[in-house]
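# Descriptive analysis of the structure
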Amino acid sequence: MTDFSQHVHGSDQLHLAWVYDTATTMTVIWRNCEPSSIPTLAYRAAGDGEWITIQGAHRMTDDRGALEEVTLSGLAPSTRYAYRVRCGEGNWGEVHEFTTGPERDGYAAMDIAYVSDTGLVGRADGLSDGTAQVIQEIARHDPLLVLHGGDFAYFDTDRRFQWLEEAIDYFFNQMVPVASQAPMMPTYGNHELMYVLQERFEPWAERFATPEGSEGRLNYSYDVGQVHFVSICAFEFDDPLPEERLAWVVDDIKKAQAAGRPWIIPVLHVAPFAEGQNHPSNLALRAQLGPVFEELGIRLVLTSHDQSYERTFPLVDVPTANTPTSSSLDEYHPGDGTLWIKVSPGGKRSNINKSFSVFATEEAPHWTAVRSNTFHCFALLHFGDQGDLEVEVLGVTGDGSEPVQVDRFRLLAPAGA
Ligand SMILES: [Fe+2]
Ligand SMILES: [Fe+2]
């Protein structure tokens, strides 16, 4: 088993982020074990051109070294770049590659991964039996962007780490295969927010670079090609969003619509539609966001938290009748309503029942299109250059056997595409 707490060649925890324009910038963060040196990175368009060297700044320092940050700007859209970071004053690290986002006009083909509830590889209690394979599979698909839907480390029950900072180091090290080749953008969950779970938002937010957003970066949004993602902090089991947060979300979505964004996708950790016994639906959140998202024409909402895969048909009249507008299992049209998808776990089984979440009822509710609680899951959002979106959900057992397709459906292009 790889020990992710070790420094590799004097630097580690390499990860990418989009803080500014996703078509022309990339922010690179890594830990340097020689914090006295000036953080230095070299990059070039993938190929064999001249390396361009650029210096950054310390994002934060502590007794374990410095977290370095460099933002590359003036990049060409939809272009592959190679980069490497310098370790201390000495050697250059391994070469990695990423792709910049497409220009915002029109539709571009791009694949974006969504994963949540990963936990840390190699837990002593065996509950993170899918984490390594999920990371490996996502890296193999080489998406443009990775959305992490929250519950990163489960520090309180992992028990291998004395300090939270060590668990955070370990998390960023295990994610290097994914996060060194694509920006990894967080949505914060109950494990990052609930004091009782022994983690806090601030130590995580210090490590993740994100746009400014609202409430000190608890929520934020950004555009990638034709898509506007809204990362919303939803971590309470029974409560709706605070009024201030809801107001920011609505305002943010309306601004994106006014700017003509064809796809607007909210991401939130706690699920308004979840039929598992571990973390049942947050009904207050459903009652609050259902009518709001329907009114705003939101077609897809990404959630997690309850450890199984579930997704609804496109629905209207939430939370009263929760009426499906289609009986199709795989194709939906603009105006069909809001489809709620819950993709979980991304590697770690629940501490509550030591497994995947058991469904509360044998028969699924009438609004459920597909559900499965036998795999660790992640989703690939395949955006097409004609405006459509195909969602593919893959499941793994963690034993290295081939991923299984758990679900696949298509949302047809927005009107006018
Ligand atoms: Fe979780
Ligand atoms: Fe959670």
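Residues numbered from 1 in each chain as written. Chains lettered and ligands numbered in written order. Predicted model: local features only at pLDDT ≥ 70, side-chain atom pairs only at ≥ 80, totals over all residues.

Most of helix 3 (residues 164–174) is tucked away: 8 of the 11 residues are buried. As for helix 3, its buried residues are in contact with strand 1 (11–17), helix 1 (131–141), helix 2 (155–158), helix 4 (176–179) and helix 6 (201–207). (Buried ≥ 20, exposed ≤ 12 C-beta atoms within 10 Å, placed from the backbone. Helix = DSSP H or I, 4+ residues; strand = E, 2+ residues; numbered from the N terminus. Contact = placed C-beta atoms within 7 Å.)

Attention shifts here to the sheet that holds strand 2 (residues 26–32). Reading across the sheet, the 4 strands line up as 1-2-6-5 and stay open at both edges, with antiparallel pairing between neighbours. What marks the edges here is a single partner per strand, and that holds for strand 1 and strand 5 (57–62). The sheet shows a mean angle of 15° between the axes of neighbouring strands, taken without regard to direction. Judged from the 5 bridges that link them, strand 5 and strand 6 (residues 65–72) form a sheet pairing that is antiparallel. (Pairing = 2+ DSSP bridges. Axes fitted to C-alpha atoms, helices over the stretch in contact; angles between N-to-C directions.)

Our focus in this paragraph is the sheet that holds strand 10 (residues 145–148). Strand order in the open sheet formed by 7 strands is 11-10-9-22-23-24-19, and the pairing between neighbours is mixed. Among the strands making up the open sheet, the edge pair consists of strand 11 (184–186) and strand 19 (331–332). Taken together, the 3 bridges between strand 10 and strand 11 define a ladder with parallel strand orientation. Bridge pairing links His148 to Pro186 in strand 11.

Turning to the pairing of strand 12 (residues 220–224), a few remarks are in order. Counting buried residues in strand 12 gives 4 out of 5 residues, a clear majority hidden from the surface. Note: strand 12 against strand 13 (residues 227–232), 5 bridges, orientation antiparallel. Paired with Tyr222 across the bridge in strand 13 is Phe229. Connecting the antiparallel pair strand 12 and strand 13 is a turn made up of 2 residues, with Gly225 showing a positive phi of about 55°.

This part is about the pairing of strand 22 (residues 376–383). Counted residue by residue, strand 22 has 6 buried out of 8 residues, so it is predominantly covered. Relative to strand 22, strand 9 (residues 110–115) is paired through 5 bridges, and the arrangement is antiparallel. Following the sheet pairing, Tyr114 is matched in strand 22 by Ala379. Joining the antiparallel neighbours strand 22 and strand 23 (residues 389–396) is a turn of 5 residues, in which Gly387 adopts a positive phi near 100°.

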